[in-house]
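So you can see what is in the structure, the chains are spelled out below.
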Amino acid sequence: MVEPVGNHYIVARPVYSENSFNEEHEKLHRYHKNFWDHLKLYFRCSPQRVKKIALGLFPIASWLPAYRFREWILSDIVSGINTGLVAVLQGLAFALLVNVPPGYGLYAAFFPVLVYFIFGTSRHISVGPFPVLSLMVGGAVIRLVPDDNVGNGTFTNISAINQERVMVAASVTFLSGVFQLLLGILQFGFIVIYLSQSLISGFTTAAAIHVVVSQLKFMFQLPVPGFNKPFGIIYTLESVFSQITNTNVADLVTSLIVLLIVFVVKEMNDRYKAKLPTPIPIELLVTVLAALISYFVNLEEKFGVAVVGKLEEGFQAPVAPDVGVLEKCIGDSISIAIVGFAVAFSVAKVYSIKHDYPIDGNQELIAFGLGNIVGGSFKGFASSTALSRSGVQESTGGKTQIAGIISAFIVLIVILAIGFLLAPLQKSVLASLALGNLKGMLMQFKEVGILWRKDKYDCVIWVVTFLAAVLLGLDIGLATAVAFQLLTVVIRSQIPSCSVLANVGRSNIYRNRKDYTDIYEPEGVKIFRCSSPIFFANIEFFREKLVTAVGFDPLRVLRKRNKALRKIRKMLKNGELQVTPKGLICMAKHTHESDEELDNNRMEELDQPTNMTDLPVQINWGADLPPGITVPRVDIHSIVLDFSAVSFLDFSAMRVLQKTLKEFVRIDIDIYIAGAPEDLLDKLERCAFFDEEIKTSMFFLTIHDAVLHILLKKDIASSPKLKPAEEKASGNDYIVIPSNGLRSREGMIPTETKF
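Per chain, residue numbering runs from 1 following the sequence as it is written. Local features in this predicted model are restricted to residues of pLDDT 70 or higher, and side-chain atom pairs are both shown and tallied only at a pLDDT of 80 or more, whereas totals for entire chains, interfaces and linings draw on every residue. The side-chain quantities take in all heavy atoms of the structure and omit both hydrogens and water.

Caption draft 1: How the structure looks around the packing of helix 9 (residues 158-185) against helix 17 (residues 361-377). Angles here are taken between N-to-C directions and fall from 0 to 180 degrees, while the axes themselves are lines fitted to C-alpha atoms, restricted in helices to the stretch in contact. Secondary structure elements follow DSSP: runs of H or I of four or more residues count as helices, runs of E of two or more count as strands, with numbering from the N terminus. It is at 7 Å that the axes of helix 9 and helix 17 come closest, and there the two elements cross at 155 degrees. What the angle tells us is that helix 9 and helix 17 run roughly antiparallel. Crossing handedness for the pair helix 9 and helix 17: left-handed. Residue-level contacts link Ala170, Thr173, Phe174, Ser176, Gly177, Val178, Gln180, Leu181, Leu183, Gly184 and Ile185 of helix 9 to Asn362, Leu365, Ile366, Phe368, Gly369, Leu370, Asn372, Ile373, Gly376 and Ser377 of helix 17. Each residue belonging to the contact of helix 9 with helix 17 can be placed in one class, and the counts come to 11 nonpolar, 10 polar and no charged. We call two directions roughly parallel when the angle between them is under 35 degrees, roughly antiparallel when it is over 145, roughly perpendicular when it lies between 65 and 115, and oblique otherwise. Left-handed describes a crossing in which the near helix is turned anticlockwise from the far one by less than a right angle; the clockwise case is right-handed. Any two residues having at least one pair of non-hydrogen atoms within 4.5 Å are treated as being in contact. Side-chain classes are defined by residue name, with Ala, Val, Leu, Ile, Met, Phe, Trp, Tyr, Cys and Pro counting as nonpolar, Asp, Glu, Lys and Arg as charged, and the others, Gly among them, as polar.

Structure (structure tokens):
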């Protein structure tokens, strides 16, 4: 019964162990589905299930019929045009990161959008090239098709090299799409949970550094070869600075001017976004202006600047991936598949929460997988979503993926009709536009200080991920970061938080005894909490902490007591001890015998329970023992283990725990376990954890139930002062007035215990 009194509550109920609670309250029998039940349920077929699967596989069938044409179409058109213009420029710019001709970036900005329109579940993300993925694809491209500038120092057969690189990029993209599709079909959308926000932030920041370094050769117009290997970024910087005297000044000046303009205008867009009806399309304006200046001033001939050149008109026929490339790029493709999905899903989740609609991680994997398969077949490269481009689509009023289709139409116009207008555009301008989109990623450096103050483990993960990705490369760096992150989880779970609890404020609340002054501890009782699952890796740590908390090793005490009993038996047999009403009296001068002589190769017997049935008197281990016999003193009689935070216990840890509890029981210390989850109790029963020494009666619902039971038991055993509350309750309802009281920091509290 619960009776509210103001902001207090009064509870009157019996003291419950797990056994007594289950006896009083009937428990429903629930059938728990096994693996085969789930398998049958997954593969069952019904009209409703077929419809659900069809709508899940083709989300367009759900949202398109409900499209509010009059309300949304204008917003989607405006958003689509703005997003399409940005997508064109980013496609051209990010193609430089892949080390393929810029025109192929338009394919990556076109085909995945069409596929995502049908299969995607997010309404606001803009699908297409992403700088991190482009750089990862470019790493595989450079590794398999290095710059052919060996020998006489001139490029040979540039067209053939470019075509080979395009094929490598397309094959890697195709394979990453296959991996994403398989993960989606197998319902592995949860894989993104293994990439924490700290890891993603550190990784994308490192990728931004790689992007900056990779674009230096276009800004300075230097023949810098690609180094896709550990410490490749250092070799690249060394190559750049060793040729710094050969810099094309026109390209460098153009890059710096474009960078300055882009950064200033983007800052204005961010600062005045509430007042601007739409962000200033600075990339478009700069591109048009730079192309016009380059064309009319003829910068290519006068200053030798590198230009985009003629773009491929129209579409090329789809091609099958190169099997030889697929065999060499499995690791790259897996990394690209996971990173692409993780970034896209993170952005999609932000917008889904903001606009209150669901997204499906598994369906997103299928959508991006099919998009990369189609894009790779048409010689595009890996796609995900760029944060800046998605921001444009959402901030300019985009409501659905209709905006995405319109943006794809803008890209289509450039591919088919007006691509030739971009031929005189300098590559250094595209490089500067690529760098201009990295502001958000580079600003993530500020997270280091925030994470250090909030969670040092996350801060270390960020720093290690960043350094690994920068120095070892994005592929090896990602694997290293994931491994390190999982290692931190193991370390944190291997070293659980353990504490000794005490009663706070003479209530039913128990907290760490070191944190409060107004604490009360039952005399002779230790309350020990473990705030972590217990398994094979941390069970020894748990035991060490428990031994430290109680102040003695139970196994050592048990062995000392058994040794003492052997010695007492021997002294009684030799007449050296005599039994009197006052106890044992030593009749002879004590002569010390070594433990080795006393043990007589029977060490295994020392670990057994003490047996005093053959002795004429019961030994009181707390009293004085005969001379020459010393046993560690034990000042506690009960231990309460708080298992409310122990979510699981594996079999290896179970054996060690059972052995440890038996050691305490054998030295006459009562063990109680409080708050254990029901599934943990079921597992203990299945694994034959209980026997004559370890019984189910030691389990209690709460710490307070266990403590009240101990006080009740000890008072009955000594001089009971129990007043049965016959008029108010029956059974196990008592007002407990313990004779030993509670121990506080100030001293003994002998008064009635009001729990």
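The structure having been displayed, the exposition proceeds.
Caption draft 2: Fine view of the packing of aromatic side chains. Under the pairing criterion, centres of Phe, Tyr and Trp rings, with the six-membered ring standing for Trp, must be within 6.5 Å; the plane angle then separates stacked pairs below 30 degrees from edge-to-face pairs above 60, leaving the rest tilted. In total, this model carries 24 aromatic pairs according to the counting rule given. Between Tyr104 and Tyr107 the ring centres are 5.7 Å apart and the planes differ by 85 degrees, which places this aromatic pair in the edge-to-face class. Residue Tyr104 and its partner Tyr107 are located together in helix 6 (residues 104-108), separated by 3 residues, close to a single helical turn. By relative accessible area, Tyr104 is classed as buried at 2%. Partly exposed describes any residue whose relative accessible area lies between the buried limit of under 20% and the exposed limit of over 50%, with all areas from a 1.4 Å probe on protein chains only and scaled to the type maximum.

Caption draft 3: How the structure looks around helix 17. How far a helix is expected to stretch is found by multiplying one less than its residue total by 1.5 Å. A rise of 1.5 Å per residue sets the reference length of helix 17, with its 17 residues, at 24 Å; its end C-alpha atoms lie 24 Å apart and thus fit the reference within 8%. Burial within helix 17 is extensive, with 15 of its 17 residues counted as buried. Sitting at the head of helix 17, Asp360 places a side-chain oxygen 3.1 Å from the backbone nitrogen of Asn362. Positive phi shows up at Lys379, right after helix 17, with a value of about 70 degrees. N or O atoms within 3.5 Å of each other form a polar contact, as long as, within protein, one can give a hydrogen and the other can take it, and as long as residues adjacent in sequence are counted only when both atoms are side-chain atoms.

Caption draft 4: Quick peek at the side chain of Ser638. Following the sequence through the fold, Ser638 ends up in strand 11 (residues 638-642). Setting aside chain neighbours within four positions, we find Ser638 in contact with Gly524, Val525, Lys526, Ile669, Asp670, Tyr672, Ile710 and Lys714.

Caption draft 5: Broad picture of the environment of Leu435. Its location among the elements puts Leu435 in helix 20 (residues 427-436). Separated by 173 residues in sequence, Leu435 and Val262 place their C-alpha atoms 9.4 Å apart. For Leu435, the residues in contact, after removing those within four places along its chain, are Val211, Val212, Gln215, Met219, Leu259 and Phe263.

Caption draft 6: Up close: the state of the cysteines. The disulfide criterion used throughout: a pair of cysteine sulfur atoms within 2.5 Å. A complete count under the given rule lists 0 disulfides for this structure. Not engaged in a disulfide, the cysteine Cys498 finds its nearest cysteine sulfur in Cys530; these two sulfurs lie 4.2 Å apart. For Cys498, a relative accessible area of 21% translates into the label partly exposed.

Caption draft 7: Summary view of the packing of helix 23 (residues 456-472) against helix 24 (residues 474-494). For the pair helix 23 and helix 24, the least separation of the axes is 7 Å and the interaxial angle reads 160 degrees. What the angle tells us is that helix 23 and helix 24 run roughly antiparallel. In this structure, the crossing between helix 23 and helix 24 has a hand that is right-handed. Between helix 23 and helix 24, the residues in contact are Tyr457, Val460, Ile461, Val464, Thr465, Ala468, Ala469 and Leu472 and Leu474, Asp475, Ile476, Gly477, Thr480, Ala481, Phe484, Gln485, Thr488, Ile491 and Arg492, respectively.

Caption draft 8: Highlighting unusual backbone geometry. Even without a glycine there, the phi angle at Asn99 is positive, about 65 degrees. Of note, Asn99 is situated in the loop between helix 5 (69-98) and helix 6. Its identity as a non-glycine residue notwithstanding, Gln221 has a phi of 50 degrees, on the positive side. Among the structural elements, Gln221 can be located in the loop between helix 10 (197-220) and helix 11 (232-242).

Caption draft 9: How the structure looks around a nonpolar patch on the surface. Together, Leu182, Ile185, Leu186, Phe188, Phe190, Ile193, Tyr194 and Leu486 give the surface a local cluster of nonpolar side chains, amounting to about 780 Å² of exposed area. Mapping Phe190 onto the fold places it in the loop between helix 9 and helix 10. Given a relative accessible area of 42%, Phe190 falls into the partly exposed group. To count toward a patch, a residue needs a relative accessible area above 30% and no salt bridge. Like charges then connect within 9 Å, nonpolar side chains (Val, Leu, Ile, Met, Phe, Trp, Tyr) within 5 Å. Here the open area of atoms and residues is found with the Shrake-Rupley method and a 1.4 Å probe, where only the protein chains shown may cover a residue. By definition here, a salt bridge exists when the distance from a side-chain nitrogen of Lys or Arg to a carboxyl oxygen of Asp or Glu is within 4 Å.

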